[in-house]
Structure formats: C-alpha cells, structure tokens
Amino acid sequence: MTNKISIAVHGGAGTISKKLLTAEKENAYLTGLKMAVDAGHKILKDGGSSLDAVEAAVIMLENNPLFNAGKGSVFTNEGMHEMDASIMEGKNLMAGAVAGVRNIKNPVVLSRKVMEETEHVFLCGLGAEELARKCNLEFMPPDYFFDSFRHDQWIAIRNTETTQLDHSDKKFGTVGAVALDSNGTVAAATSTGGMTNKRYNRIGDTPIVGAGTYANNKTCAVSCTGHGEFFIRSVVAYDVSCLMEYKGYSLKDACNEVVKNKLVKIGGEGGLIAVDAVGNLELCFNSEGMYRGYKLNNEETICNIY
C-alpha cells in the first residue's frame, strides 16, 4: 500500500497566445484549473479512489464555460453541441466512453455509467443518451451550453469547409485528469466538445481508450489533449504505457518520446498529463502552452499555462 497521492489536470493545449489572453482571463483559467485539482485532491486526501478523484476534477472543468467540454462546448456545423468523454481505472483495466452525446450536463459521469452499469465500453449518440436517462443523469437545454465567444467562432467559419480548434489561436480544447490514490490505483478521465464547425459526427481521440485516455496500474494513467486525428493514429496514451511496460522507460522518458519525438514527426501538436504507479507526474506538451495544474501529496497546488 502506498501513502502517496497525486493528481494532475489539463484544460487543453496548443498555440495559446499571450496577447489574446488578458490578465483577467488568464487568472480565470488558473482559478478554474486550481478548483479542479483541489476537488480531486480532497477526495484522495480523504482516502477516496482515483476514479472518484478524476471524475470530480473533470466535472469541475465541464461545468466551467472557459473550457471546451460540457458547458463550454464548441458548436458543430449544424450549430449543435456534440460531446465525447471517457474514463479508465488501472486496477482491472475497466473503462467507459461516450461519443457524440447532446444535452448531457456531465459526459464524464455518463462514461463512468457505461463502465459500471453496462457490459460495454463505448456507447455513442442516442444509445448513450438512452442510458443517461435510465441512470437519471442531468440533461440541460441547448441554452445552457451557449457561450457567446464560442458562437462567434462558429459564425465566422460556419459557411466554410474549415473546422477550427477551440480557439482561433489554435487551441485544442479538451479537459482531463489523472490521479494515483493511497491504494496504489491510477485512473484517467478525459472530456471534450470537439472541434468548432465539425461535420459528419466527427469523433477525436478523447473517448477512444488507448488514444486519448488510458490507465494501467503496472505503468501509468494518461489523459491527452491535442489534434485528435494524430493522437488516434499514434495511439498516444497506450504508447506511453507500452514504452514503460515493454521497454522499461521511466514515465518522463516515455512521455517525451511520444509527445516530443513520435508525434512531432507526423505533425501532431498537443500534450498529455500522466501519473505512474508511484505518484510521479508528467505534464508534457509540444505546443506553445497547455492549461495544466497538479498537486503532489500535501504540497502546494501548481497551475500553469505556458
């Protein structure tokens, strides 16, 4: 049994321009990240599970309109919100995921229901929403998800063939959390509203176990944020775990190899957060910035953007 606990969160990566981020907005982002870290950490400190901790942290980020998940989700080409999420626990490799769901207040909660209430791993669209009703999860009207900044982004490109990452300054909007609890179990959760103006029910890496989210007590837990198509093709989250399991890499070396070498070679931009089975944390990215925060044991909560 370990007494170490640690948690990290991210709120997206990419080319986050300092000149577009006022001091007030920067402070709002950092406050939002800290609230998410602290919500998850409190659960760990009280002896709770890493699964509960990552779910609680992601719920905080989904409820914050600054982040492209839940309440702050971007608009699709049809002017709707389609959300994806996944969650995984490292002890028994249990996982749940949902894609293309609408009007669900907290998609991460639904992904956990898939894991715990069904024999399946991955549900999409109307079927996932049917499960949400069966589990009495909260649905919200479209105006709950409306954000004028996101709406303006969509209006600017809705009549084009362009999809746009979360911000006009190329930010990959996804939120996620990874944690290690006092029993030595790791967990990861990830949630997103996808790309502005996305068509054809496009799905990124977020809900795909092994691409955007992965957890295994033998190695680590990982939550990714970036250009989803590249993360799917590189099976990023699982690749980090594989390098540790089969090649004996440290968490740091595995993250650097995947994010700063393999992804860069194919043009993939973004980052990830990861925690290993002894509580080491990595917050690794190849972009200009990544909204991120972490807390080790009872040390101070650290949050950064650049």
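Our structure's up above, just so we're on the same page.
Below you will find a few notes about this structure. (Residues numbered from 1 in each chain as written. Predicted model: local features only at pLDDT ≥ 70, side-chain atom pairs only at ≥ 80, totals over all residues. Heavy atoms only, no water.)

**Some points on the overall build of the chain**
Then comes step 1: For the chain, the helix and strand inventory stands at eight helices and 13 strands.
Then comes step 2: For the chain, whose C-alpha radius of gyration is 17 Å, the value lies close to the compact-globule estimate of 19 Å for 306 residues.
Then comes step 3: Per-residue burial for the chain yields a buried fraction of 60% across its 306 residues.
Then comes step 4: For the chain, the share of sequence-separated contacts (at least 6 apart) that also reach a separation of at least 24 residues comes to 69%.
Then comes step 5: Per element, the accessible surface of the chain, about 12,300 Å² overall, is 52% carbon and sulfur. (Helix = DSSP H or I, 4+ residues; strand = E, 2+ residues; numbered from the N terminus. Rg over C-alpha atoms; globule rule 2.2 N^0.38 Å. Buried < 20%, exposed > 50% of the residue type's maximum accessible area, 1.4 Å probe, protein only. Contact = heavy atoms within 4.5 Å. Areas by Shrake-Rupley, 256 points an atom, 1.4 Å probe, with all protein chains shown as cover.)

**Re the packing of aromatic side chains**
Then comes step 1: Scanning all chains against the criterion turns up six aromatic pairs.
Then comes step 2: With 4.2 Å between their ring centres and 25 degrees between their planes, Tyr29 and Tyr291 make a pair best called stacked. Here the residue Tyr29 occupies a position in helix H1 (residues 23-45), and Tyr291 occupies one in strand S12 (residues 289-296), the gap between them amounting to 262 residues. Like Tyr291, Tyr29 is buried. (Phe/Tyr/Trp six-rings, centres within 6.5 Å; stacked < 30°, edge-to-face > 60°.)

**Overview of the packing of helix H3 (residues 107-117) against helix H4 (residues 125-134)**
Then comes step 1: Viewed as axis vectors pointing N to C, H3 and H4 meet at an angle of 85 degrees, and their least axial separation amounts to 10 Å. As summarised for this structure, H3 and H4 are arranged roughly perpendicular, according to the angle between their axes. Here Leu110, Lys113 and Val114 of H3 come into contact with H4, specifically with Ala128, Leu131 and Ala132.
Then comes step 2: In terms of residue class, the contact of H3 with H4 is built from five nonpolar, no polar and one charged. (Axes fitted to C-alpha atoms, helices over the stretch in contact; angles between N-to-C directions. Parallel < 35°, antiparallel > 145°, perpendicular 65-115°, else oblique. Nonpolar A, V, L, I, M, F, W, Y, C, P; charged D, E, K, R; others polar.)

**Some words on a nonpolar patch on the surface**
Then comes step 1: Taken together, Val121, Phe122, Ile203 and Val209 make up a surface patch of nonpolar side chains, about 290 Å² in accessible area.
Then comes step 2: Positionally, Val209 belongs in the loop between strand S7 (186-192) and strand S8 (213-215). (Patch = residues over 30% accessible without salt bridge, like charges linked within 9 Å, V, L, I, M, F, W, Y side chains within 5 Å. Salt bridge = Lys/Arg side-chain N within 4 Å of Asp/Glu carboxyl O.)

**Comments concerning the pairing of strand S9 (residues 220-226)**
Then comes step 1: Counting buried positions along S9 gives seven out of seven residues, so the element sits mostly inside the fold.
Then comes step 2: Residues Cys220, Val222, Cys224 and Gly226 point to one face of S9 and Ala221, Ser223 and Thr225 to the other, with burial holding for every one of them.
Then comes step 3: In the sheet, S8 pairs with S9 via three bridges, with the strands oriented antiparallel. Bridge pairing in S9 places Thr213 opposite Ser223. (Pairing = 2+ DSSP bridges.)

**Topic: the side chain of Ser223**
Then comes step 1: Topologically, Ser223 is positioned in strand S9.
Then comes step 2: Side-chain polar atoms of Ser223 contact the side chain of His10, separated by 2.9 Å.
Then comes step 3: At a separation of 3.4 Å, a polar atom in the side chain of Ser223 contacts the main-chain carbonyl oxygen of Ala189.
Then comes step 4: Every residue in contact with Ser223, bar those within four places of it in the chain, is listed here: His10, Val175, Gly176, Ala177, Val178, Ala189, Thr190, Gly212, Leu272 and Ile273. (Polar contact = N/O pair within 3.5 Å; in protein donor to acceptor, adjacent residues only side chain to side chain.)

**Quick notes on the nonpolar core**
Then comes step 1: Val9, Phe67, Leu110 and Tyr291 are the most contacted members of the largest nonpolar core, which has 47 residues in total.
Then comes step 2: In terms of residue count, helix H2 (residues 50-62) provides more of this core than any other element does, six residues in total.
Then comes step 3: If we skip the residues at most four places from it in the chain, Phe67 touches Gly11, Tyr29, Gly32, Leu33, Leu61, Gly72, Ser73, Arg150, Val175 and Tyr291.
Then comes step 4: Counting residues in each nonpolar core, the second largest holds 36 residues, with Leu243, Ile273, Leu281 and Met290 among its members. (Core = buried A, V, L, I, M, F, W, Y, C linked by side-chain atoms within 4.5 Å.)

**Observations concerning H3**
Then comes step 1: The element H3 is largely enclosed, with a buried count of eight among its eleven residues.
Then comes step 2: Buried within H3 we find Pro107, Val108, Val109, Leu110, Ser111, Arg112, Val114 and Met115.
Then comes step 3: Buried residues in H3 make contact with H2, strand S2 (83-89), strand S3 (94-101), strand S4 (122-124), H4 and S7.

**Notes on the environment of Arg102**
Then comes step 1: Along the chain, the position of Arg102 falls in the loop between S3 and H3.
Then comes step 2: Here the alpha-carbon distance between Arg102 and Phe145, two residues 43 residues apart in the chain, equals 9.9 Å.

**A word on helix H8 (residues 251-265)**
Then comes step 1: With 15 residues, H8 ought to run about 21 Å at 1.5 Å a step, and its terminal C-alpha atoms sit 20 Å apart, in line with that.
Then comes step 2: The axis of H8 is deflected most strongly, by about 25 degrees, at Val258.
Then comes step 3: Buried within H8 are the following residues: Leu251, Ala254, Cys255, Val258, Val259 and Leu263.
Then comes step 4: Contact partners of the buried residues in H8: S9, helix H6 (228-233), helix H7 (236-247), strand S10 (270-276) and strand S11 (281-285). (Expected span 1.5 Å × (residues − 1). Bend = angle between axes of the 7 residues up to and from the residue.)

**Quick word on the environment of Leu110**
Then comes step 1: Mapping Leu110 onto the fold places it in helix H3.
Then comes step 2: Overall, the relative accessible area of 0% leaves Leu110 in the buried class.
Then comes step 3: Counting along the chain gives 94 residues from Leu110 to Gly204, while the straight-line C-alpha distance between them is 18 Å.
Then comes step 4: In contact with Leu110, not counting residues within four places along its chain, are Val98, Val101, Ile104, Ala128, Leu131, Ala132 and Leu137.

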